[in-house]
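# Notes for the structure review
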Amino acid sequence: MTLKHILTICALLLLAPALRAQSGTIQGRLTEGEPGQEQPIPFANVLVAGTTVGTTTDLDGNYQLSVEAGTYAVVFSFVGFGTDTASNVVVRPGEITRLDHGMGSSAIDIEEFEVVQKVDRERETVLLMDRKETTALVQNIGAQELKKKGANDVADGVKKVVGLSVVGDRYLMVRGMGDRYNAAYLNGLPLPSPDPDAKVAPLDIFPTAIVSSLSVNKAFTPELYGDFAGGAVDIRTKETTDETVLRVSVGGGLNTQTTFKDFRSYNGGTTDFWGFDDGTRDLPPSLAGRNPQLNSEVSPFRKNFDPTTGTARPDLNFGLYGATSFRLSEGVKLHVLASANYRNQHRYRNGKNRIMNALNIALIDYDFETWEFSTQSSLLGSATLELGKRHEVSFTSMMANISTDQFRENYGYHFDYAPDLVYARRYTFRQNQVRVNQVRGNHAFGIADRLQVDWAASMSTASSDEPDRRQLVYLYEPGAPQDQYRFNGLDRIENQRWYSGLDEEETSVHAGLAYRVLQREIEDDMVSLLTVRTGADMKSKQRDFGYDLWVYDLSQIGQTYPTVDVYTPDQYLDNENYGNGVYDLQNATTPDADHTIEQDIQAGYFAAEVDIIPRKLKVLGGARVEVGQQTIFYRKQSDSFFQPIRKATIDETDVLPYASVKYDINEKNVLRLSGSQTISRPGFREMAPFEYTEYFAGVKNVGNPELQNGSVTNVDARYEVYPTAGELIALGVFGKALQDPIEKVALATASGQLQSFANTDKGTVAGVELEVVKRLSFLGRSDSSFFNDLSIGFNASYLHSQVTIDSDLGGGDAATVVLTNRERPLQGASPYLINADLSWTKTFSDRFRGVATVAYNIYGKRVFAVGANGLGDQYEMPLGQLNLILRGEIGERWQANLTFRNLTDAQYRIEQENREGTAILNSYRMGMNVSFGVGYRIL
Amino acid sequence: MLKTTTTTGKLLLGSFVALLAMGPMTSCKKKEGCTDPTATNYDPDADKDDGSCVYPETGTNDPTVSIGGETYYVVTTPITSNKTLTSDKKWYISGGVFVNDGITLTIDAGTEVFAADDGTTPFISILRGGMIMAEGTATDPIRLTTIKTVTGGASAGDWGGLILNGRATINIGATAEGEGGTGTYGGSNDSDNSGVLRYVRVEYAGKILGTDNELNGFSFNAVGNQTVLEHLQAYRGADDGFEFFGGAARLKWAVSTGNTDDSFDWTHGWRGRGQFWVVHQDPTAGDRCMECDNWEIDYMVTPFSDPMVSNFTLVNNGNNDAVRLRHGTRGMLYNGLVAGTGAGDGIEVSDTSSTWMDQGLLVVKNTDVFNFGTNWKNCAPFENDATNGTADPGLNGFVGTATGGVDPTTLDPWFSAGTFKGAVDGGDDWTTGWTLPL
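Residues numbered from 1 in each chain as written. Chains lettered and ligands numbered in written order. Predicted model: local features only at pLDDT ≥ 70, side-chain atom pairs only at ≥ 80, totals over all residues.

## Describing the sheet that holds strand β18 (residues 232-237) of chain A
All names here are of chain A. The strand order across the open sheet built from five strands is β12-β17-β18-β15-β16, with neighbouring strands paired in mixed fashion. Because the sheet does not close on itself, it has two edges, and the strands there are β12 (138-142) and β16 (189-190). Summarising the sheet, strand β17 (residues 211-217) and β18 pair through six bridges and their orientation is antiparallel. Across the sheet, Val-216 pairs through a bridge with Val-233, a residue of β18. Taken strand by strand, helix α1 (residues 124-133) contacts β12 and β17, and its axis lies near 170° from that of β12. (Pairing = 2+ DSSP bridges. Helix = DSSP H or I, 4+ residues; strand = E, 2+ residues; numbered from the N terminus. Contact = placed C-beta atoms within 7 Å. Axes fitted to C-alpha atoms, helices over the stretch in contact; angles between N-to-C directions.)

Right, here's the structure in full:
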């Protein structure tokens, strides 16, 4: 009759007070038999004495119970074994008490506890517990699940959450709501964005290797910034533990249409492999400033237009992770953690690129090929000082860097050059970086932690650089060999070099407290009757953007070189020809090239949480007051430097109310209701009336200084069933009413296409979401080990969205709005999103445990771009992705994985529904990826 | 142990209070100053206006710049009260100079306006309702050019050009935004009047504005037919020489010399008139002599481009077609001489415009197209019309005519009478004195 295992896993709950729970968890496994030969006891009853809390063990003998914090006796009973009781089981708020038990042992007294490990928020089961307890509408996805589903970065990861999708690998969509309605946080603090067009940082910049979990909040709570109506993604970085760990991993990968095949590139810098330009692509120093003068003899530019061809190497990745902790004195511990990761990939694509007119006749019909080398690297360092159980201070420093180096060719028909054809090459190197430094603290005071205080501050920077993007365009007669092409000397802008840089700095501060105003002792536990939460936030950011554009005037070069070899263009664009006037260089940078944006937000919030029926019915209410000011300093392209710089400002104070109800029908069923009012601020560039293109040759955009904040009313209801630990069935409905939403509109213009932004009349979004996480043991007989090892995850959302563009917009002193459809779904909103996965977890032996997962996701057809002038709206067609992920743990130290991504290699397609028919504007395949990796734990 | 914790707690509580205090601190930084960007003392850091703004006075004390020892008077923008540029001063523009609704900009004969080489894209834009009265003479033309004609190295694309925005009808929407934010144009008054341009020469225009716009020498955006446009030269621009964006503008005696894109271009429903048009392309650069569209996005939008042009001489030295009628344009072209060099086609008709030609809604008559070989035509109604041919009249540059024309006054009284083909009669060379040669 000996106690076999008694482990207590305890933790302090970090993060927002919203997540603070008063209850804890008892978790364990019930077995019988001699040590070393234990057999699980399924279907045994587990009861917490003196309460109604109870459960049965699963097929593996595992069980999990959630109870309010306190000291309990746990009673195990099973036919043939009688009853065993474990007494003095202490459960602390937010902690997991591990209680394994071998039946047949006598009554057990647990006298001693040891904090061995903090709650592991990388695990699905733990995150589901969090989700059940929290009062917010939160969905979490942990590192364990990210690995299981084969996600390499956060963009990949969030797609697994119900109602979330990512457009163009960059822009987060939550419930059909685009970038402007979403927010990204890192450990609860706002994150800057390196993307000039996006408020939310592109999520592919964060590798999953530094992520402990992703938490998506889809309903407003007063702790969140109010510029929000879709979702707030909080990326939680790796947490410190008591364990000492040192782990290395290395892996590689193949793409079926790239690896070991010809790979085109050009002569870049020496550090491109690491994702950093070594200065090779810098703007020549002589061209600095806003009106540089050229030397008429010597071109300032390097000769680097000649393409090169090599062989695509396999993809490579490696990582290092280390963590340890020190006991400084009694109760004072220092945990430290460091992680470094690198990943690269080579990708080739080919496909079609078309621009149609309203009659469905192609104006441009190109084939394209791209060869792209991309890298993703990150460094994470974190230190946590634990001062007893009630005080903790953490410092986190993180850097993430992604680079893409793309060689692109477009060739084919262009209406303006026909019957000649076009052959264009563009080299684009882009580097995005985010650097974050945070310090955070959590403190508890009073009896049973009556007062809880948290504070945090961060200083972050983000940058995006596109140095020396260059492009040459040739014309040729159909069928001509490539040494009989000629330069396109007609349009200078086609032959160009572009340098752009964006820098953003953001400082944010948060402080909050939660205090149990009224409490009552129930069964030795302090239960809140009224808790208030209050706090303040401040965020201040500045963003600077600038570009330089140089064009080649090749209008005379045809005299000297009637035909040219497109594989060696540098021989024509050399100093001698420049000096002799065979070609010329011109600065095409206009005064709108630079702008600066400042945003200052100060906020305070107050919320009260009333337990109408303790442990059963909670009502929450509160409000956030936000004083927001955003200003852009800019020039129009037509401005003179004799004019002072222009400025557009939005200055607004908003009161954002919120209310929610959480009803714990019983231990397994939870009902939640929530309602709130939030705002949406215009994007920075959307309010400045200068023209810009989001990408080269893209549609021109011009900002609108008349823009005002839009407002959104949100309602949510969700019913959740937690059958057993690690299982969930949830059904949610939501609705949003958008007042004065900011939408893209198309304006009549003299050349090309011009878009602007306007507060339109209204929009509505409504939808249903279903989530299922379930083991499949019920399918088989109790001894069917196959079904016992299977589990499924499934989530789907159905969404209806509609926005109406006012008919009285535009005209008068402004250009006419020429949108083809004035009623349409929100841009980027898919009517349906489906994620499904099936996992088979098998313990083959003591030394080998494996997981095989098949994961599939698909999005419904969504508006990619809005049509104008009789041209239809453009739709991204449904694209499904099927992945197979195999992971194995060998012994204590080795881990291996083999992943097949995009097994079906479906075709990506954009279609346009025009008056005279439907056209495919863009189509390509990405190929299947096979990757493999091994990890070894040194310590 | 307990003590340590408590002390630390107090410390942390202290910093928490300090952090809370930072909110109000940041809101105290509001700075007072002039917040109006049009004022001369505008302060970008000011958050609150203190009434200190000082505004530039237009017309009286023009700022000056000195270049090469010469004083230039800066034309400040926008022009909000009537203003005259006199010929006794040299004028200088930087960035876009806008003439507001209800305001008249007068430019005296013989006046020279120089566009800055300062990293901006200078241009002059007459906004809807604004007027330009630029009346030069054959001996004292008005010259709009780049400062680099003084400082050296003048070349195509040095500055923006001249833009007239009117309230006549266009077909791409009731109103539209000009290239690169040069003004809104369009309306419903085809008899709109933007003023008078006589003997005006625009040199080295076509600068890039924004990331993918180039400005033309002369842009006539929805300009109405009461505007007088006579004796104009677009000289060595990097984009089009003359472009009509809808409207009903009428242009007589126009020379498009050495422009590297199209020499004349119409689109978006232009329904005006043209007579005595000369194109002289550079032997090494230049796209089409005439590029004529309804609208590439939708060939069927109305009103259709449907002008009448008589007496044109096109010296097509570039690589492309001399005349391209496409994307649904209609219209009537008479009395043309189209000279080729062997490359490109003579008269090329495509898309719905071919249908219009078959139906007689697009007409090219009394026109000689020579030195193009078999590429002189691609449309049967044009080829089979007995008034058209391939005879070479033996031009001297662009000077010279051929017989066999139709008197255009029988088509519209706006035209000047004559029965010859071509724009410039050797006995009456209206281009001498005020135009620059290629």
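## Things to note about unusual backbone geometry
The omega angle of the peptide bond from Ala-418 of chain A to Pro-419 of chain A is 10°, so this bond is cis rather than trans. Within the secondary structure, Pro-419 of chain A is located in the loop between β25 (391-414) and β26 (421-445). Following Thr-77 of chain B, the chain continues to Pro-78 of chain B via a peptide bond in cis, the omega torsion being -5°. Mapped onto the secondary structure, Pro-78 of chain B falls in the loop between β4 (70-74) and β5 (83-85). In the Ramachandran plot, Phe-276 of chain B falls in the positive-phi region, its phi being about 60° despite a non-glycine side chain.

## What to know about the interface of chain B and chain A
Residue-level contacts link 56 residues of chain B with 74 residues of chain A. Elements supplying a minimum of two residues to the side of chain B that touches chain A: α1 (2-27), β14 (176-177) and β17 (208-209) of chain B. Take the side of chain B that touches chain A: its biggest share by element is eleven residues, from α1 of chain B. In terms of residue class, the side of chain B that touches chain A is built from 20 nonpolar, 28 polar and eight charged. (Nonpolar A, V, L, I, M, F, W, Y, C, P; charged D, E, K, R; others polar.)

## With respect to the confidence of the model for chain A
All names here are of chain A. Per-residue confidence for chain A gives a mean pLDDT of 86, with 94% of residues at or over 70. Here residues 1-21 is a poorly scored stretch, pLDDT under 50, and it has 60 contacts once near neighbours within four places are set aside; other chains count. Ignoring residues within four places in sequence, the model shows residues 105-117, a span with pLDDT below 50, making 28 contacts including any to other chains. (pLDDT = per-residue confidence, 0-100.)

## Notes on the pairing of strand β22 (residues 315-329) of chain A
All names here are of chain A. Pairing between strand β19 (residues 245-255) and β22: nine bridges, direction antiparallel. In the strand pairing of β22, Gly-251 is matched with Asn-317. The turn linking β22 back onto strand β23 (residues 332-356) is made up of two residues, and Gly-331 within it adopts a positive phi angle of 80°.

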